[in-house]
Each structure stands twice: as structure tokens, then as C-alpha cells.
Protein chains: 2
Amino acid sequence: MASPVRMTISEVHALCMRGLIAHKLNFESAHALANVITAAERDGCRSHGLFRLPHYIDSLRYGLVDPETCPKLLPSAGSAVRVDAQKSFGALAWQLGLPQLVSKARQNGIAAYAVYNVFHYSALWHEMEDLAKEGLVGMAFLNSKSFVAHHGGSSKIYGTNPMAFGFPRGPDQPPVVFDQASAVMARGDIMMKEQQGDSIPPGCALDAAGNPTTDPAAALEGAQLTFGGAKGSNIALMVELMAAGLTGMPWSYEARQECVDQNSSVPTRNGEFVIAINPEMFGGTSEDTTKRLEELFEHILADPGTRLPSQRRYSSRQISETEGIDVDSKIHQAIMDRIQTAEE
Amino acid sequence: MASPVRMTISEVHALCMRGLIAHKLNFESAHALANVITAAERDGCRSHGLFRLPHYIDSLRYGLVDPETCPKLLPSAGSAVRVDAQKSFGALAWQLGLPQLVSKARQNGIAAYAVYNVFHYSALWHEMEDLAKEGLVGMAFLNSKSFVAHHGGSSKIYGTNPMAFGFPRGPDQPPVVFDQASAVMARGDIMMKEQQGDSIPPGCALDAAGNPTTDPAAALEGAQLTFGGAKGSNIALMVELMAAGLTGMPWSYEARQECVDQNSSVPTRNGEFVIAINPEMFGGTSEDTTKRLEELFEHILADPGTRLPSQRRYSSRQISETEGIDVDSKIHQAIMDRIQTAEE
């Protein structure tokens, strides 16, 4: 196996820009998408980092995403923010909607952002971090192409249907954020296990015949399972209804049908729904809240073997900032191949 | 074992009223609480039905809840609804806040209800049904006295921290609703297993020494575990931050410290946070939405062995309405004992 390619964070960003611009993606959209891919790579979320770049590029090559299209804000009232991505990627749509979402949540206590016709399968935690920087609590719901069975069944009903949550801490602490698939394993992690020739733990997936499997290739053909059985299946259903039900966008099984190549890993056209809450409209003063939060976290972390969600991510971020990032050589090559094809 | 007491739904309601009024609870609060206890008993959610009535009564007897106190609406702006329960039960506080919550959600697309100083450990699904009747999507978060460990630890950090979700269907269909503890098992279910002399499944709890146990008595002494490991622990943390973090109410471990008798089963003083969303402000027309929803549910239910959350509850409801309810004789006796004590 070839040794990994050591890159700085800004080199990763530049590689993203080069790959996306080479395939004619407009600068604003490329820049927004490069930001989220780079952030994932930097934070050690490899399955949402450069690993995804070839698939984003392929969605441009296959003509799924029009490289010149930009999202637009739709008229909206009250605490609602609506963005029609017009079949562009999710990152720029989020940048467009964020200022309205922040201002409406600040003013009204709670607000929501719905995005339509979006090709979005980036991580969601960076959206939660964006809200937390503004002092807002966040929740995000995103569906995708169906891979996951409803509890008790074996058909592909749900996407891996991630749900994210973020709660701001004091000014000196990064927020508490989680971003987790409703499936036991993230799709990207199974894909990486397959690439690495590893097996997956039992209880994560069924093969195409509906039998339990630990073979990542068989799992990718069959259906993934939800975490925690029926309760995780309820979470997957909630994400489906929030992301696709509220926006009128395709259910995950419809998004699958829309795919030209159902086994490809390009993003699909979906909806996303994000809630932002201003704690100051509901609770006490911010000094008290910060002190109380830290007391809770101290209490949790007093038990050996515990950690807060996102702690591992923040540690990776620090290491990446000082030591750079080791990029898998196969992934690097897949990106370079696509750049060459376009630049020839 | 004495045979169960067969009662009609209105007899159950009358029994609740008699028990609560005998202990001087004001009529409005008694009526609201009797409604939610009766609804739980009717729907086969026995652990939130008459089983809880002696504990509600005890919280009056112990002076935790002042029987004359009523909740009051706090001034609030934008999409925020705030109710100070003033140490009364949760049911009347919800009734008080609901009209504002509905009207703000309708007008602004999304709104939130926060309740403070509330003794609330009723089921949450009826709140979701109340919102669904108004065509609104709902989410609810409630913490309580700590019973549940953070993933990897063995200390009691979280309440069973239920989260509920409801999505309205067409006018002819009851809504899709789930209401689930972040713990693998609801506390009430473990308490019922103990009463019945049954064991609990493995993976649900640790004993007081931090070792896995299937003995319900040992589980009630030790710490319960979250569903789905780390992911369910994240859900428990989210519920804690939404219910207690946003309202400034006691963390679950603080609610435990507030208890005079830490092992009693009376409710504790907590916060609750409920979100209501108007789908019409985000998606398509209601006809389309209804049709699309039914297509999704048909798709899910086409797999043998699947069911939607709340289906079992709605079936029990139908049976109770025609055949009445079998009330456990021990629970009936515990209630009658308390009524006699007060009426003597």
C-alpha cells in the first residue's frame, strides 16, 4: 500500500477547490463545499472528508448537479427560513440561509431553516458549530438515498438519516455537538471498511437476502440496521419526516429511484430541516447557564471511561492544525485522476 | 393473586379525580392530571396509568406539591411560550400553554413551549396528539431524577429522559407518535417487572457496584443504560440540555438531590421543552402531504414484521373503549388505601 500523502489544512482546501473548479463548479459553491470537506478531513471525520470529493465531482460529471446553479432564498414569514437549492450542493445553501436563521432565532426565540432540492450529504456538525458560534442551540435532520430498514423489516426504507444537535458552551469552550446516523454505522464508514478489507461488527446490517452479515460488501448490497432497534428506527422515521416530510422532498426510497446508477455513491436530491433556538429567550442569564453547563459536564466526565460527543473531533482538529493531515493515497489518486481528466 | 378490577374509562377517570380531590388538589389541576392518567391506562401504557396515581398522591401528602397552586403564563415574545408551573403538576401547565403554542406555531411556522418548576412525569405522547390535532408537528423533551448512566460510566447522570415526536396524518388517521425513554427500558416498566417478580433483559442496567444485572431490584438501585450505547447516550444528553439546560431547571442529578427520599417514586421538580411546527409554512399543500405520507407508511408496512410507533397504543384504545380496562388489584388497593386515609 502506498504511504499516505501528508498535507496541511490549506493544501486540503486547495485540492478541493482545484477538483471542483476543474469541473466548472462556480466559485461560491466550490468554496463553501471545500470548507465543509476540509473541516471534516481536519476533524478526523474521514468518511465525510476528501473521501467524498470524487463523488461530489462525479455528480457534476454525470450532470446531476448543474455547476452554474446557485441556491436562492424563498419568501418566508415569521420564524421560517426557506432556501431552494435548485439542485446545487448543500454547503452554499446553508451559507445563504444562515444569517436569516440566526436573526430570526435571536429575535423570536426559535426559528427553522428548510432547504429544498439540495444535493447534500456533508456532515451536519459544522452547521451546529455555526449556530453555536452565534450562541444558538441547533438541531438538524437530513435524509438521503435509502439504505436502512425499518425495525423488523429488511427493505431499504430510510437513508442513514443523520440527526445533529449542538449546544453552545461559554466563550472559551467549543460547543457540545453530536452528528449521528440513525443507522448503527455511517454508510461512509462501511464503505471505508470495504476499501480497507475489514469486516463490520454484527448487528449493523442484513445482506440482500435479509440475513445478518458482517461483510461490508454484502451490507452495502443489503440493508443497514438502525441503532438501538425499534427506538433507533423511530429516530430514523423522525428524521425522514422532518427532512423530507416537512419539505415535500423525496422520501429516501424515492431518492434511490431517482438515481441513474442506484449503487453509485453520488449525493441525491433531498430536503433538510434545521432548528435554531436562542437560549436567552427561555432560560436564565448566560453567566449562570455557562456555569451550570460546566457543572453538568464535570459530573459526566468524573466517571472514568466517559467523554462528551465531539471531544475526539476537537482533539483531531488540534493535531491537524499543528501536524497536518495524512490523506489516503488511493483517495488522493482518485481525486488527481479526476482533475487530470478535466484539465486535459 | 386477586383478580383484576374491570373498569370503564370514565370509572378510571372518576377514580383519579376522587383520589386527587381527596388530597385537596384543586379541581382544574386534578381534572387535567386525571385526563392524562386515564389516557395512559386506556392506551395500555400501564406504567404511566393508574400505577402512577399513588405516587402523584404521595407528592401531595409529602407536601412537595402545594394542592392549591396553579401554573401561570410568563410574559414572552416572538415564538416563545413560557409557563411557570409554580411546583404544580405538568398536565395543567400544558393546558395553559397549549393555545399560545398552537397560535404562535401557526403564525410563525415554529414555536416553543418551556415550562419551569413542574412536577411532570406523565407520558408525553398525549401532548404530541394535542399538537397533531391542530395540524402541528411536535417534539418534546423532559428530564427527571437521575437513574441512567452516560455511555461508558456507571454513575446516575440522566433521568430516563423521554423524547416524544408527533407528525399529523390526514383527518381520518391518528398521528404518528412516539414517546420513548433514552434508557433501554422505561423506569416504570422496571418497577412493574419488580412488582411482578420478573427479570429484565440483559443490557438494560448496572447494579449499584457498576456490574451488569437482570434483577429489576438491583437495577433500580444501580444505574440504567441508554438504548443503542453511545448514540442513545447522546440522545439522553440532548434531552437533558433541552429540558433542563434551556429552562434553567435542575439537572437530573440535582433533581435527585432535591428528593427527600431518594428512592421514592414521586415526581421531581423539572423543566420541559416542547417544539411545535406548522408544516404548511414549509412544504406543499396539505392534500399532497397527506397522500405522500400514506405512501411512505404503506412502503414501511409492506415488510412483514413492521409496525408504526403508536399502532399498539391505538389498538389498546379501541379495546378499552368497547371492553373496559382490567386494573391490577394491588394498584387499585393502593389507591383505595390513600383515598380512605384522606376521607377518614
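All of these numbers come straight from a predicted model, not from anything done at the bench.

Peer 1: How would you explain the domain arrangement of chain A if you had to name every residue and give the values?
Peer 2: Residues and elements named next belong to chain A. When cut into domains, chain A gives domain 1 (1–68 + 310–344) and domain 2 (71–183 + 226–309). Measuring from the centre of the C-alpha atoms in domain 1 to the corresponding centre in domain 2 gives 22 Å. Residue-level contacts link 30 residues of domain 1 with 24 residues of domain 2. Both sides together, the interface formed by domain 1 and domain 2 hides about 2300 Å², and carbon and sulfur atoms give 63% of it. Where domain 1 touches domain 2, the interface holds two salt bridges. Of the charged contacts in the structure, one is a salt bridge between Glu129 and Arg313, with a shortest N-O distance of 3.0 Å. One can count nine residue pairs in polar contact (both at pLDDT 80 or more) joining domain 1 with domain 2. Secondary structure elements with two or more residues in the side of domain 1 that touches domain 2: α2 (27–42), α3 (53–61) and α11 (311–323). Element by element, the count of residues in the side of domain 1 that touches domain 2 is highest for α2, at nine residues.

Peer 1: Break down the sheet that holds strand β3 (residues 80–89) of chain A for me, citing the residues and quoting the values.
Peer 2: All names here are of chain A. The seven strands lie next to each other as β2-β3-β4-β10-β5-β6-β7, forming an open sheet whose pairing is mixed. Strands at the two margins of the open sheet, each flanked by one partner only, are β2 (72–74) and β7 (176–180). Between one strand axis and the next, the sheet turns through 15 degrees on average, direction left out of account. The sheet contact formed by strand β5 (residues 137–142) and strand β6 (residues 163–167) spans four bridges and is antiparallel. Note that in β6 the partner of Gly138 across the bridge is Gly166.

Peer 1: Could you give me a rundown of the relation of the copies chain B and chain A, with the residues and numbers involved?
Peer 2: With an RMSD of 0.0 Å, the operation that places chain B on chain A is a rotation of 180 degrees combined with a shift of 0.0 Å along the axis. On the angle and the small slide along the axis, the relation comes out as a two-fold axis. No C-alpha of chain B lies nearer the rotation axis than that of Gly228(B), which sits 1.9 Å from it. Here 100% of the interface residues in chain B have copies in chain A that are interface residues too; the copies meet face to matching face.

Peer 1: Would you mind going over the pairing of strand β4 (residues 110–119) of chain B in detail, with residue names and values included?
Peer 2: Residues and elements named next belong to chain B. Among the ten residues in β4, ten count as buried, and that is most of the element. A crossover links strand β3 (residues 80–89) with its parallel partner β4, the connecting element being helix α4 (residues 90–108), and its sense is right-handed. Pairing of β4 with strand β10 (residues 269–277), which is carried by eight bridges, proceeds in the antiparallel orientation. Paired with Ala111 across the two strands is Ala276, which belongs to β10.

Peer 1: So what about the interface of chain B and chain A? Which residues, and what values?
Peer 2: Contacts between the two partners involve 75 residues from chain B and, on the opposite side, 75 residues from chain A. For the pairing of chain B and chain A, the buried interface totals around 5800 Å² over both sides, and the portion due to carbon and sulfur atoms is 69%. Broken down residue by residue, the surface that chain B buries against chain A is led by Lys231(B), Phe282(B) and Arg292(B), which jointly contribute 13%. Counting every contact that joins chain B to chain A gives two salt bridges. The salt bridge partner of Arg292(A) is Glu254(B), with a shortest N-O separation of 3.4 Å. Between chain B and chain A we count 31 residue pairs in polar contact (both at pLDDT 80 or more) in total. Looking at which element gives the most residues to the side of chain B that touches chain A, the answer is helix α8 (residues 230–245) of chain B, with eleven residues. Taken together, the residues of the side of chain B that touches chain A sort by class into 46 nonpolar, 21 polar and eight charged.

Peer 1: Please give an account of the sheet that holds β3(B) that cites residues and values.
Peer 2: Residues and elements named next belong to chain B. The seven strands are arranged β2-β3-β4-β10-β5-β6-β7 in an open sheet whose pairing can be described as mixed. The two strands at the open ends of the sheet, each matched to only one other strand, are β2 (72–74) and β7 (176–180). Strand-to-strand twist of the sheet, defined as the mean angle between neighbouring strand axes without regard to direction, takes the value 15 degrees. For β2 and β3, the ladder comprises three bridges, and the chain directions are antiparallel. Note on β3: the bridge partner recorded for Leu74 is Arg82.

Peer 1: Give a detailed account of the pairing of β7(B), specifying residues and quantitative values.
Peer 2: Residues and elements named next belong to chain B. Taking burial as the measure, the five residues of β7 include four buried ones, the bulk of the element. The sheet contact formed by strand β6 (residues 163–167) and β7 spans five bridges and is antiparallel. Among the inter-strand pairings, Ala164 is bridged to a residue of β7, identified as Asp179.

The rules we used
- Residues numbered from 1 in each chain as written.
- Chains lettered and ligands numbered in written order.
- Predicted model: local features only at pLDDT ≥ 70, side-chain atom pairs only at ≥ 80, totals over all residues.
- Heavy atoms only, no water.
- Domains from an automatic or database assignment.
- Contact = heavy atoms within 4.5 Å.
- Buried area = accessible area lost by both parts, 1.4 Å probe.
- Salt bridge = Lys/Arg side-chain N within 4 Å of Asp/Glu carboxyl O.
- Polar contact = N/O pair within 3.5 Å; in protein donor to acceptor, adjacent residues only side chain to side chain.
- Helix = DSSP H or I, 4+ residues; strand = E, 2+ residues; numbered from the N terminus.
- Pairing = 2+ DSSP bridges.
- Axes fitted to C-alpha atoms, helices over the stretch in contact; angles between N-to-C directions.
- Least-squares fit on C-alpha atoms with pLDDT ≥ 70 in both.
- Buried < 20%, exposed > 50% of the residue type's maximum accessible area, 1.4 Å probe, protein only.
- Right-handed = clockwise from strand over helix to strand, strands pointing away.
- Nonpolar A, V, L, I, M, F, W, Y, C, P; charged D, E, K, R; others polar.

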